[in-house]
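Each chain, written out:
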Amino acid sequence: MAFEPQRPLVLDTRELARRPGQMVTEQVRVPAPDALGNAVIEVPAGEPMGLDLRLESVLEGVLVSGSVQAEAVGACVRCLDDVTYDVDVTFQELFAYPDRAAHHHEVAPVDDEEEIYELDGDLADLEPMLRDAVVPALPLQPMCREDCLGLCSECGAHLNDDPDHHHEVLDPRWAALSQLASTPDDEKRN
């Protein structure tokens, strides 16, 4: 089993080709593809991802199972500090032989939710499968800590650094009285 050097997430499954019962395991480190994340957190492109893979030849194709480990980075949604998130996701997907995938589509039409991965000859492109496993596992609202206080809505001060930070906010309806209270007595008499 070998990855193509120019496409590190494409796996050559020739060792297993159409021999049900054959199995191969491998642990590899590969660079993350582009855009492996959501708007607020992602595994940076090119960063190493660890893959623990088990490939089994079955009648319909090659069953790929295992796990992916990586580190995602982003920004806290409350205070905008940097956030790191350890990704450790398991997966199990069938990469169907092209003739078996066509037969599956005829027998059971694919609904919008179901993804069928297909071998390209003996090649399995793991990127779409990894994207489908990793992206939903990332937090939609990452936080630097569970009790993050965020930023002051008035001045943008970091409230984790100064939890007692506050501003005097007067009701605008009392503003005229506030001005009278601060006017010296001499001015009031004139």
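All values reported here derive from a predicted model rather than from experimental measurement.

**Brief notes about the confidence of the model for the chain**
Reasoning step 1: For the chain, per-residue confidence averages 83 on the pLDDT scale, and 79% of positions sit at 70 or higher.
Reasoning step 2: Per-residue pLDDT stays below 50 along residues 103-107; that stretch engages in five contacts with residues further than four places along the chain or on separate chains.

**So, the pairing of strand E7 (residues 61-75)**
Two faces, one strand: in a regular strand the side chains alternate between the faces of the sheet.
Reasoning step 1: Summarising the sheet, strand E5 (residues 41-43) and E7 pair through two bridges and their orientation is antiparallel. Bridge assignment links Glu 42 to a residue of E7, and that residue is Val 73.
Reasoning step 2: Hairpin connection from strand E6 (residues 48-58) to E7: two residues lie between these consecutive antiparallel strands.
Reasoning step 3: Across 15 bridges, the pairing between E7 and strand E8 (residues 82-96) is antiparallel. Of the residues in E8, the one forming a bridge with Val 73 is Thr 84.
Reasoning step 4: A loop of six residues connects E7 with E8, the two strands running antiparallel in sequence, and Leu 80 in this loop sits at a positive phi of about 70°.

**Observations concerning the environment of His 165**
Reasoning step 1: Structurally, the position occupied by His 165 is in the loop between helix H2 (127-134) and helix H3 (175-182).
Reasoning step 2: Measuring from C-alpha to C-alpha, the distance between His 165 and Cys 152 comes to 8.0 Å, with 13 residues separating the pair along the chain.
Reasoning step 3: Discounting residues that sit within four places of it in the chain, His 165 has contacts with Cys 152, Cys 155, Ala 157 and Leu 159.

**A short note on H2**
Reasoning step 1: Met 129, Leu 130, Ala 133 and Val 134 are the residues of H2 that are buried. The arc that holds every buried residue of H2, seen down its axis, measures 120°, which confines them to one face.

**As for the state of the cysteines**
Reasoning step 1: This model, assessed by the stated rule, comprises zero disulfides.
Reasoning step 2: For the unlinked cysteine Cys 76, the closest cysteine sulfur is that of Cys 79, found at 3.7 Å.

**Some details on the nonpolar core**
Reasoning step 1: Judged by nonpolar contacts, the single largest core of 33 residues is most densely connected at Val 43, Met 49, Leu 51, Leu 53, Val 64, Leu 126 and Leu 130.
Reasoning step 2: Considering every element that reaches this core, the biggest residue donor is E7, with five residues.
Reasoning step 3: When residues no more than four places from it in sequence are discounted, the contact partners of Val 64 are Leu 53, Arg 54, Leu 55, Phe 91, Gln 92, Glu 93, Phe 95, Leu 126 and Met 129.

**Some words on the side chain of Thr 13**
Reasoning step 1: Following the sequence through the fold, Thr 13 ends up in the loop between strand E2 (7-12) and strand E3 (23-31).
Reasoning step 2: Within the local environment of Thr 13, its side chain forms a polar contact with the backbone oxygen of Asp 122, the two atoms lying 2.7 Å apart.
Reasoning step 3: In this structure Thr 13 touches Leu 55, Val 62, Leu 119, Asp 122 and Ala 124, once residues within four positions along its chain are discounted.

Rules and cut-offs
Counting of residues starts from 1 at the beginning of each chain's written sequence and follows it residue by residue. Only residues with pLDDT of at least 70 are given local features in this predicted model, and only at 80 or more are side-chain atom pairs given and counted; all residues enter the totals for whole chains, interfaces and linings. Where side-chain values are given, they derive from all heavy atoms of the structure, hydrogens and water being excluded. Per-residue confidence from the prediction method is given by pLDDT, with values spanning 0 to 100. Residues count as neighbours in contact if any of their non-hydrogen atoms are within 4.5 Å of one another. Strands pair, by our definition, only if DSSP identifies at least two bridges between them. Segments assigned H or I by DSSP are reported as helices when at least four residues long, segments assigned E as strands when at least two residues long, and all are numbered from the N terminus. Here the term buried applies to any residue with accessible area under 20% of the maximum for its type, exposed to any over 50%, and partly exposed to those in between, with areas from a 1.4 Å probe on protein chains only. In this description, the arc belongs to the directions extending from the helix axis to the C-beta atoms. Cysteine sulfur atoms that pair up within 2.5 Å are treated as a disulfide. Among buried residues, the Ala, Val, Leu, Ile, Met, Phe, Trp, Tyr and Cys ones that are joined through side-chain atoms within 4.5 Å form a nonpolar core. What qualifies as a polar contact is a pair of N or O atoms within 3.5 Å, subject to a donor-acceptor requirement within protein and to the restriction that residues adjacent in sequence count only when both atoms come from side chains.

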